[in-house]
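# Summary of the model geometry
Here are the chains, one letter per residue:
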Amino acid sequence: MKKVGLFFGTFNPIHIGHLVIANHLVEFSNLDEVWFVITPQSPFKTKQSLLDDHHRYQMVYEAVQDYPKLKPSTIEFDLPKPNYTVDTLVHLEEKYGKDHQFSLIMGEDNLKSFHKWKNYEAILELHDIYVYPRVSQGEVEHEFKGNPKIIKVDAPIMEISSTFIRNAHHEGKNVRPLLPDAVWKYMDEMNFYR
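Remember, it's a predicted structure, so these values are computed and weren't measured experimentally.

The rules behind each value
- Residue numbers restart at each chain and count upward from 1, following the sequence in its written direction.
- Reporting of local features is limited, given that this is a predicted model, to residues whose pLDDT is at least 70; pairs of side-chain atoms are given and counted only at 80 or more, and all residues count toward the totals for whole chains, interfaces and linings.
- In computing side-chain values, all of the structure's heavy atoms are included and hydrogens and water are not.
- Helix and strand assignments come from DSSP, with helices taken as H or I runs of at least 4 residues and strands as E runs of at least 2, each series counted from the N terminus.
- Here a helix's expected span is defined as the number of its residues, less one, multiplied by 1.5 Å.
- When a residue's accessible area, from a 1.4 Å probe over protein chains only, is under 20% of the maximum for its type it is buried; when over 50% it is exposed; and in between it is partly exposed.
- Taking the helix axis as origin, the arc is that swept by the directions to the C-beta atoms.
- Should any heavy atoms of two residues lie within 4.5 Å, those residues are counted as being in contact.
- A pair of strands counts as paired when DSSP detects no fewer than two bridges linking them.
- The convention used is that axes are lines fitted to C-alpha atoms, helices contributing only their stretch in contact, and that angles between N-to-C directions extend from 0 to 180 degrees.
- Every angle not falling under 35 degrees, over 145, or within 65 to 115 is termed oblique; those three ranges are roughly parallel, roughly antiparallel and roughly perpendicular.
- By convention the crossing between two helices is left-handed if the near helix lies anticlockwise of the far one by an angle smaller than a right angle, and right-handed if it lies clockwise.
- Polar contacts, as counted here, are pairs of nitrogen or oxygen atoms within 3.5 Å of one another; within protein the pair requires one atom able to donate a hydrogen and one able to accept it, and residues that are adjacent in sequence qualify only if both atoms are side-chain atoms.

### Regarding helix 3 (residues 85-96)
Here helix 3 spans 16 Å end to end across twelve residues, near enough to the 16 Å set by a 1.5 Å rise per residue. Every buried residue of helix 3 is listed here: Thr85, Val86, Thr88, Leu89 and Leu92. Take helix 3 and look down its axis: the buried residues cluster within an arc of 155°, on one side only. The exposed residues of helix 3 that point more than 90 degrees off its buried face are Glu94 and Lys95. Tucked inside the fold, the buried residues of helix 3 contact strand 1 (2-9), strand 2 (33-38), strand 4 (100-107) and helix 5 (120-126).

### A word on the sheet that holds strand 5 (residues 129-132)
The parallel open sheet is built from six strands, whose spatial order is 3-2-1-4-5-6. Of all strands in the sheet, those with a lone pairing partner are strand 3 (70-73) and strand 6 (150-152), marking the two edges. Neighbour to neighbour, the strand axes of the sheet diverge by 30° on average, direction disregarded. Sheet strands in contact with helix 1 (residues 16-28) are strand 1, strand 2, strand 3, strand 4 and strand 5, and its direction is about 145° off that of strand 2. Taken strand by strand, helix 3 contacts strand 1, strand 2 and strand 4, and its axis lies near 155° from that of strand 4.

### Overview of the packing of helix 2 (residues 53-64) against helix 7 (residues 181-189)
Interaxial distance between helix 2 and helix 7 falls to 7 Å at its minimum, and their mutual angle equals 150°. One element, helix 2, and the other, helix 7, form an angle in the roughly antiparallel class. Pair helix 2 / helix 7 crosses with right-handed handedness. In this structure, helix 2 uses His55, Gln58, Met59, Glu62 and Ala63 to contact helix 7, whose residues at the interface are Ala182, Val183 and Tyr186.

### Things to note about the side chain of serine 73
Here serine 73 is to be found in strand 3. There is a polar contact of 3.2 Å between the side chain of serine 73 and the backbone nitrogen of isoleucine 75. If sequence neighbours within four positions are ignored, serine 73 has contacts with Trp35, Phe36, Val37 and Ile38.

Okay, here's the thing in structure tokens:
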């Protein structure tokens, strides 16, 4: 049974913070692989600044080429929109459930609002959640404290955001150190976020 951590995001663009966390999870937890699930449209985000799905997939693909335990996933591209994590999990179970065990990966900031997710109780009942630290305000809901299905991972705190990268790049700042080389190259060649 392959243990797969699902790292959801728009990855607009994927940056070194995402890679550091994903790599930390496959190297220092019991996960065998981490799949970057590229979200076409989050119920919580507007679509204005989102690059096309295939461009964001290409950047994730480029970013993970040298990491055999990290994979890009387009599983949500063909699901009805807006899509919810619980639906994606059901779809993944139907497709791979016999030999894969899926867990969620999220930042501590997301855990604080997890009780607002559609069918969060069902997700928690069937899947482990690996939580990496984030600097954020607010408290984690009482029902999630000490829950054996919620696994806190002592990953490095990465305070880099795709929004910051897009905005800084648009302003002509050098953001190259924040991106994997292949992602920078693709982004630069395609003239994205200018």
